[in-house]
Each structure stands twice: as structure tokens, then as C-alpha cells.
Amino acid sequence: MVAMANPVILTIDDDPAVSRAVARDLRRHYGDRYRVVRAGSGPEALDALREIKLRGEQVSLLLADHRMPEMTGVEFLEAAMDLFPAARRVLLTAYADTDAAIDAINVVDLDHYLLKPWHPPEEKLYPVVDTLLDAWAATPDASAAELRVVGHRWSAPSFAVRDFLARNLVPYRWLLADDPEGARLLAAAGAGEADVPLVVTAEGKTAVAPTETELAALVGLTVAPAEDFYDLVVVGGGPAGLGAAVYGASEGLRTVLVERRATGGQAGQSSRIENYLGFPEGVSGAQLTDRARRQALKFGAELLTTREVVGLTDAGSARVLDFGDGSRIAAHTVVLATGVAYRVLDAPGLAGLTGRGVFYGSTATEAPSCVDQDVYIVGGANSAGQAAVHFSRYATRVHVLIRGADLTASMSRYLIDQLDRIDSVQVHPHTVVAGGEGDDHLERLTLRDTRTGETRTVDASWLFIFIGAEPRTDWLDGTLVRDRRGFVVTGPDLVAGGRRPPGWSLSRDPYHLETSLPGVFAAGDVRAESVKRVASAVGEGAMAVSLVHRYLEAQ
Ligand SMILES: Cc1cc2nc3c(=O)[nH]c(=O)nc-3n(C[C@H](O)[C@H](O)[C@H](O)COP(=O)(O)OP(=O)(O)OC[C@H]3O[C@@H](n4cnc5c(N)ncnc54)[C@H](O)[C@@H]3O)c2cc1C
């Protein structure tokens, strides 16, 4: 891996011949100082930009064709501004589109529009690009990563730090301990090769193998509540929790959201959510999370990261929540939005290799490292399908292992069709992972055919597991009514048979999303019989807040 990557020049054109030609001309002139990345559509280019952002690299120039079917060049540049506001923007247009290009000067603060054809490049392309790159270099992206992480390639603690930063959308530069710059930083911090991961902030503060809470504090995430009493505590920072925080805070409730790891929840791990209302080109979980988080903060919600809630008590008119470290927080009302967590694949050898080749969920951090290698994905639901599409952009071959005969029972049609169109994706029916092994990291997998029982061993360094999820609600045992799988029961389901839940103290029935403890609501995937979609989670978060108001008014 390169210690410090060259800044990126990104070019997009839906016509492969034009795209190749632009990239070739750019590489010939700038290839030694810049990394030229090309994409065939706006959505693909936005995905690439998000990866680049998460890796903490910089983008100097965006050169987009205007007329593209899925997303025009102007629309792409507008979206790209959210990610890399300092990158210079060029629109490639035909003569007939010059009006659109002129309009774009205002819409996306366009730096230049370049008429096709741009030949000879020495006259028409390079002088323009030279000027723009000089201007970019003189005003570097203020948000460029200055946080550095030094670690070993196949080290679970190093992976955990990078994954935490990526999930919390904190840009960083990743350096290997044996790279010259990594070694220099270790020496400067008085640390040795064994003291990894080492985290170095822009201000020069260092931490060796920090806990998630230490890391969160180091990079400026809020970890402690400002008050000890709130109108509303939201537990969980996925779409339901963020939805509740946005509506709660915007409607004047003193609101704090408590998240044990990173805001975004499961949705934050999705490479592309295609069915969320209002995003016809799809939206990555990271982008949706970033926007929701900024929206919640704008309305005045507090967002705490790395704080796990481990207990809930009824204290008369207050509801008290215990944190893992023994501290507490209280509120009039609570919205539980703790979602679900991945089920663990129980096969010999895998537990010890988790984070070292074996991963749960798809991790944006790892995808670019899979270039030119085979990737194994376990699972046949939509999350596995999305991951297969995502990894196919990097890996030589993506093997999808499923228990069933085909994907039709478990995956949406649009994803099955997408997978069918990708040659490098191969679905293996009736196949399970029987074990994994490797010294430093995953090196081999044993696969079993469920019909014949036959096993075979394959060389494999990358295994991504998506085998369903379950709620982690044991801490609510004895406090709230849960179903037999641990999902929290709410509203009318609590009065089935005409009897209110045991201990229910009010003369009314529980409101729709209210749990068996008045004033405590459940929203999103953690709720029994919920729909398990981003849109419904967000909707339930909003609806829970309207019920919070109703509860508070009656107090
Ligand atoms: C890879 C993937 C792709 C998906 N793609 C789509 C899609 O395309 N379209 C779609 O509609 N849906 C999709 N889904 C499903 C969708 O993401 C979920 O339905 C949605 O995220 C549920 O939101 P939630 O807020 O209820 O829970 P979650 O997203 O599960 O969030 C719960 C949060 O609570 C936190 N938490 C849990 N317990 C505690 C505790 N005790 N203390 C503090 N914090 C806690 C967790 O860390 C987590 O961040 C996808 C899911 C995955 C995994």
C-alpha cells in the first residue's frame, strides 16, 4: 500500500471511448503527480469519491461530461461539492450544450467548461488543467485528512480503529508501520512496531491502541452528555434514532442521542440504498448518515458516540438510563432505536480471524484492498447482494455462498438482475462455510455442499458475512415486554386478548409505538413486527416523537 497517495483527478463520461481518451491524455501529462480515476456514470463516480474520502485522500479536479443518462454532469458536480468542496470543477460539453454549461457556472461554481473535442491536448486541455491544479494546490482542501493511523495490514486492532473512523466519517491517512513515514511517526511518538495502532492527530496528539471512547474524544466526537436530565433520550443512532433526534430537537425537545459505536447503524454500512424516497440515483449509507447527523446537530440535538446503554429503570415520572461505565442519564421520555446486530457465523477458525480477513457486513474501508483478489460473501439477502455489487468493482471474482438453490426467495429482483449482469459475480448454491484457517490472517476456507456433505478447500483472504441479524435487548429483560426473539413489543400488540401488559399503570392503552413502560417508545428494527427498512425506521422515529408530545401533554 502506498503511504501517501497522490491527489486524485476524477474524470467521468458514459461513453467508454471518450472516457478512455480523456484518462489517457490526463495520465500522460499528470500521471506522475496525480492519480487519474475514471468512472462511467455519476453514481459510480460518487461512490468512488466516497471511498476516496473515507481513505482520507484528496481530490484536486473533477472533469465531468454533461450529457449522461443517469445523472447529468452538472448534477454530479453539485453532489460532488458536498464531498470535496475545494476540488476544481470542469464540465466537458458539446457545442450545443454551452447554455447548460454557462448556467452551471452559477449552480456549481464551475471553474471551466471544455468543448469537445479537446485535441490537441497540449493546446486545449493541459493549459486549462495546469491553471486549475495550481489554483487547487494554492488553496488546499481544509478538510483534508490530517489524522494519521499507523498499523499493520492484517491486524484486528488496526482494522478496528480504521473501521471506527470510517463509520464515524472521520477522514484519516493510513500508514503501514514498515513504511518510511509510518516508521518515522512511530519513532517520533517513542513507540515501536509492536505499539500499533498508533493514532496521531493534526495537532500532534498521539494514542497507542486507543479504546473507542478514547479515540472518539481524540477526534472531537462528543462522548459525554452536557446535562443530566433531558426531555427525550434516544438510544441508538441508526435511521430510526437519527429520525427521532431530528424531529425531537426541531420540535423544541431537549434531546440527546446515545450511540454505542457510530451513527448510521446498519444503514451506515450500506454501499447504496436504492429504495429510499427522494434519491432516484440511490444514496450511500455514509452520505445519508452524514446529512442526518448534520441535520440533528443543526436543530440542537446532542449526539453521543461510544456510549452503550446497559439498563433502563422506571423512576416515577423520570426514566433513567445506565451507561456501561456506571454513569447515568435521565429523561421524561425515551425512544429505543437500538436496531439489530449481525448474527455471528459459527464455524471453526473464524472467530480468531475476525477483523483479519473475516468481516461482518461490508466495510467500505476494506473494499479497495480487495483489488485483483477473490472475495467470498456469505448470505442471500439484499445486504449480501449490495455488497457483491460493491465488491465487484474491485475484486477479480466475487463468490456469493448461499444455502438455498437460488436467490429468488431472499433477494429483491432488482439486485438479482444487477448481479446477473456482472460477469465477475458467481453465486454458489447449497454452499456453506465449514471452517477457515490462516496464520496471520485468513488464507483458506473450507466450503461444504449441503446436499452431498462434500467439502473443498479454497484459497481465500476475504470473507464478508451477512447472515441475518438479531436484536441485542437482553439488558431490557424484566423491564419491557419482548417477543421470544427479543424484539420489543409495542402498542396494540401489548393488549392482545384485551389485557394491558403487567405493571401498566395508566388508565389508557399504550400508544402505537409505546412499550410496556409508559413514556418509553420503540422505533425501527428493534420493534417487534417492524418492517426492517430505512424509510420505515425513519418514519417510526418521527412518529415516536409525535407520541412523545402526546405523552408529555397528558403528564
Ligand atoms: C448492508 C445493509 C444494507 C441495507 N440496505 C437497505 C436498503 O437498501 N434499503 C432499506 O430500506 N433498508 C436496507 N437495510 C436495512 C436498514 O439499514 C435497516 O432497516 C435500518 O438501518 C434500521 O434502522 P434502525 O435505526 O432501526 O436500526 P439500526 O440501523 O440497526 O441502528 C441501531 C443503532 O443502535 C445502536 N445501539 C444498539 N444497542 C445500543 C445500546 N444498548 N446503546 C447505544 N446504542 C445502541 C447500534 O450501534 C446502531 O448504530 C440494509 C441493512 C444492511 C445491514
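Participant: Could you give an account of the overall build of the chain, naming the residues involved and the relevant values?
Facilitator: Helices and strands together make up the secondary structure of the chain, namely 14 helices and 26 strands. Here the chain has a C-alpha radius of gyration of 25 Å; the compact-globule value for 555 residues is 24 Å, and the two agree. The dimensions of the chain, computed from C-alpha atoms along their principal axes, are 80 × 60 × 55 Å. Within the chain, the fraction of its 555 residues that count as buried is 55%. A fraction of 64% describes how many contacts in the chain between residues 6 or more apart in sequence connect residues 24 or more apart. By element, 50% of the accessible surface of the chain is carried by carbon and sulfur atoms, the whole surface being about 23,700 Å². Put simply, the chain has 55 plus and 73 minus side-chain charges, and the middle of one group is 3 Å from the middle of the other.

Participant: I'd like to hear about the packing of aromatic side chains, residue by residue, with values.
Facilitator: Inspection of the entire model under this criterion finds ten aromatic pairs. On the numbers, 5.8 Å between centres and 80° between planes, the contact of Tyr30 with Tyr126 is edge-to-face. Here Tyr30 is found in helix 1 (residues 16-30), whereas its partner Tyr126 is found in helix 6 (residues 126-138), with 96 residues between them in sequence. Grouping residues by exposure puts Tyr30 and Tyr126 together as buried. Here the aromatic rings of Trp154 and Trp462 are separated by 5.1 Å at their centres, their planes lie at 45°, and the arrangement is tilted.

Participant: Can you tell me about the nonpolar core, naming the residues and giving the values?
Facilitator: Leu10, Leu49, Leu62 and Phe76 are the most contacted members of the largest nonpolar core, which totals 28 residues. For this core, the secondary structure elements donating two or more residues are strand 1 (8-12), strand 2 (35-39), helix 2 (42-54), strand 3 (59-65), helix 3 (73-83) and helix 4 (98-107). For this core, the element with the most residues is helix 3, which contributes six residues.

Participant: Hey, could you go over the site of the ligand for me, with residue numbers and the actual values?
Facilitator: The local shell around the ligand holds 33 residues, among which Glu259, Gln266, Asn275, Gln386 and Asp525 are the closest. Here an oxygen atom of the ligand and a side-chain polar atom of Glu259 are 2.7 Å apart. Within the backbone of Arg260, an N or O atom sits 3.1 Å from a nitrogen atom of the ligand. Burial of the ligand by the protein chains amounts to 94% of its free accessible area of 1,000 Å². Broken down by secondary-structure element, the contributors of at least two residues to the shell around the ligand are helix 10 (239-250), helix 12 (382-392) and helix 14 (534-553). Grouping the constituent residues of the shell around the ligand by class yields 14 nonpolar, twelve polar and seven charged.

Participant: Which residues make up the pairing of strand 19 (residues 397-401), and what values go with them?
Facilitator: Burial within strand 19 is extensive, with four of its five residues counted as buried. Bridge count for strand 18 (residues 374-378) against strand 19 is five bridges, and the pairing is parallel. The residue of strand 19 that forms the bridge with Asp374 is Arg397. One crossover worth recording links strand 19 to the parallel strand 20 (residues 425-428) by way of helix 13 (residues 413-420), and it is right-handed.

Participant: Hey, could you go over helix 14 for me, with residue numbers and the actual values?
Facilitator: Compared with the 28 Å implied by 1.5 Å per residue over 20 residues, the 29 Å span of helix 14 between its first and last C-alpha is a close match. Of all the positions in helix 14, only Val534, Ala537, Val538, Glu540, Gly541, Ala542, Ala544, Val545, Leu547, Val548 and Tyr551 are classed as buried. Residues of helix 14 that are buried sit in contact with strand 10 (229-235), helix 10, helix 11 (285-298), strand 14 (318-323), strand 15 (328-336) and strand 26 (520-522).

Participant: Tell me about the packing of helix 10 against helix 14, and please be specific about residues and values.
Facilitator: As a packed pair, helix 10 and helix 14 sit with axes 7 Å apart at the nearest point and diverge in direction by 35°. Both helix 10 and helix 14 take part in a crossing whose hand is right-handed. Contacts between helix 10 and helix 14 involve Pro239, Ala240, Gly243, Ala244, Tyr247 and Gly248 from the first element and Val534, Ala537, Val538, Gly541, Ala542 and Val545 from the second.

Participant: Please provide a residue-by-residue account of the environment of Val234, values included.
Facilitator: Here Val234 shows up in strand 10. Sequence separation between Val234 and Ala244 is ten residues; the distance between their C-alpha atoms is 7.1 Å. For Val234, the residues in contact, after removing those within four places along its chain, are Gly241, Ala244, Ala245, Thr255, Val256, Leu257, Val258 and Val335.

Participant: Before we move on, could you go through the sheet that holds strand 17 (residues 358-360) and cite the residues and values that matter?
Facilitator: As summarised here, the arrangement of the five strands in space is 17-24-18-19-20, forming an open sheet in which the pairing is parallel. Two strands lie at the open edges of the sheet, namely strand 17 and strand 20, each paired on one side alone. Adjacent strand axes in the sheet meet at a mean angle of 20° when their direction is disregarded.

The rules behind the values
- Residues numbered from 1 in each chain as written.
- Predicted model: local features only at pLDDT ≥ 70, side-chain atom pairs only at ≥ 80, totals over all residues.
- Heavy atoms only, no water.
- Helix = DSSP H or I, 4+ residues; strand = E, 2+ residues; numbered from the N terminus.
- Rg over C-alpha atoms; globule rule 2.2 N^0.38 Å.
- Buried < 20%, exposed > 50% of the residue type's maximum accessible area, 1.4 Å probe, protein only.
- Contact = heavy atoms within 4.5 Å.
- Areas by Shrake-Rupley, 256 points an atom, 1.4 Å probe, with all protein chains shown as cover.
- Lys, Arg positive; Asp, Glu negative; His and termini not counted.
- Charge placed at Lys NZ, Arg CZ, Asp CG, Glu CD.
- Phe/Tyr/Trp six-rings, centres within 6.5 Å; stacked < 30°, edge-to-face > 60°.
- Core = buried A, V, L, I, M, F, W, Y, C linked by side-chain atoms within 4.5 Å.
- Near = heavy atom within 4 Å.
- Polar contact = N/O pair within 3.5 Å; in protein donor to acceptor, adjacent residues only side chain to side chain.
- Nonpolar A, V, L, I, M, F, W, Y, C, P; charged D, E, K, R; others polar.
- Pairing = 2+ DSSP bridges.
- Right-handed = clockwise from strand over helix to strand, strands pointing away.
- Expected span 1.5 Å × (residues − 1).
- Axes fitted to C-alpha atoms, helices over the stretch in contact; angles between N-to-C directions.
- Left-handed = near helix turned anticlockwise from the far one by under 90°.

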